[in-house]
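# Inside the fold
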Amino acid sequence: NGNNHLITVVDPGNGVFFSGPVITNAGAAASVKNLMIDSPRLGSCSVVEGISFTSTTGSITGNTILHLDSVGGCQKESTGIELMTPVTVTVSGNRVLWGNGPALSVTCPGWPNCNGGGTVIISGNEFTTSLNHTVVYLSGVGGSFTKNALDANVIYNDSLYLTNTFPGMQITSNNINLASGAASGNAIYVGSDNTVITGNRIFNFGKNESSAVGINN
């Protein structure tokens, strides 16, 4: 329990850039709640995972993760919340705002051998990212993604990208705002069979002319 304390990420200096997770699990069960993580203006080759779980059961709730964007030439992608299967994790009530990579990434590194994959329950979160980055990436798991708000400064990528999720995955009652007017991306891209997509609100407006698709399968 972070008790609303703040962890500020900095580069070590002398040409060395921060790389890796700020918080990660050390065993088969882990939970993180009520923590703030900020990484303002790191070096150009910094790669930050705010909270990273691998092969774990637990929860990530009520956290705020800010400014996971580096500056300069490298522009490597950082990730707000990263889950690597197999996982059984609830992600709820978090705010992941403004980074140069996914706000949430759930992946199976060894697809198609996902060691059981797992289940994620993702609800009531606020996710944003900077230009030209997918906001949420889901792969290799089952479960649900409900009542989340995605404010997607998307130009060429997708707000919510699903691939190889398990049959019956629920995508329901989310608000997706393509704030910059997605020039050619998708609000929801579905690369998985038997996904249930219902009751989502998708808004596509902004300064850029758009040929984006609301839901693309």
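Sequence order sets the numbering: in each chain, residues are counted from 1 along the sequence as written. Note on the predicted model: pLDDT of at least 70 is required for a residue's local features to be given, and 80 or more for side-chain atom pairs to be given and counted; whole-chain, interface and lining totals, by contrast, use all residues. The side-chain figures draw on all heavy atoms in the structure; neither hydrogens nor water molecules are used.

## Observations regarding unusual backbone geometry
Just so we agree on the cut-off: Here a strand is any run of E in DSSP of at least two residues, a helix any run of H or I of at least four, and the numbering for each starts at the N terminus. The classification of residues rests on relative accessible area computed with a 1.4 Å probe and restricted to protein chains. Under 20% of the type maximum is buried, over 50% is exposed, and intermediate values are partly exposed.
Cis geometry is found at the peptide bond from Thr85 to Pro86, where omega equals 5°. Phi at Lys147 takes a positive value of approximately 55°, unusual for a residue other than glycine. Its location among the elements puts Lys147 in the loop between strand E13 (142–146) and strand E14 (149–152). On the accessibility criterion, Lys147 (61% relative accessible area) is exposed.

## What to know about the environment of Asn132
Tracing the sequence through the fold places Asn132 in the loop between strand E11 (126–129) and strand E12 (136–139). The partly exposed category is assigned to Asn132, whose relative accessible area is 33%. Placed 21 residues apart in sequence, Asn132 and Asn153 show a C-alpha to C-alpha distance of 7.1 Å.

## Topic: the packing of aromatic side chains
The test is simple: Only Phe, Tyr and Trp rings take part, Trp by its six-membered ring, and two of them pair if their centres are within 6.5 Å. Stacked means planes under 30 degrees apart, edge-to-face means over 60, and tilted covers everything else.
Taken as a whole and assessed by the stated rule, the structure comprises three aromatic pairs. With centroids separated by 6.5 Å and ring planes inclined at 20°, the aromatic side chains of Phe127 and Phe145 adopt a geometry described as stacked. Of this pair, Phe127 sits in strand E11 while Phe145 sits in strand E13; the two residues are 18 residues apart in sequence, bridging distant segments of the chain. What makes Phe127 buried here is its relative accessible area of 0%. Residue class for Phe145 comes out buried when judged on its relative accessible area of 0%. Geometrically, the ring pair formed by Tyr137 and Tyr161 is stacked, given 5.3 Å between the ring centres and 10° between the ring planes.

## Digging into the pattern of salt bridges
Where we set the bar: One side-chain nitrogen of Lys or Arg within 4 Å of one carboxyl oxygen of Asp or Glu is enough to make a salt bridge.
One pass over the full model with this rule turns up one salt bridge. With a shortest N-O distance of 3.2 Å, Glu126 and Arg95 are connected by a salt bridge. Of this pair, Glu126 sits in strand E11 while Arg95 sits in strand E8 (residues 95–99), and the two are 31 residues apart along the sequence. When its relative accessible area of 37% is taken as the criterion, Arg95 is described as partly exposed.

## Comments concerning the pairing of E12
Threshold: Strands pair, by our definition, only if DSSP identifies at least two bridges between them.
Here strand E9 (residues 104–107) runs beside E12; their pairing, made up of three bridges, is parallel. For Leu104, the partnering residue across the bridge sits in E12 and is Val136. Relative to strand E15 (residues 160–163), E12 runs parallel, the two sharing four bridges. Of the residues in E15, the one forming a bridge with Ser139 is Thr163.

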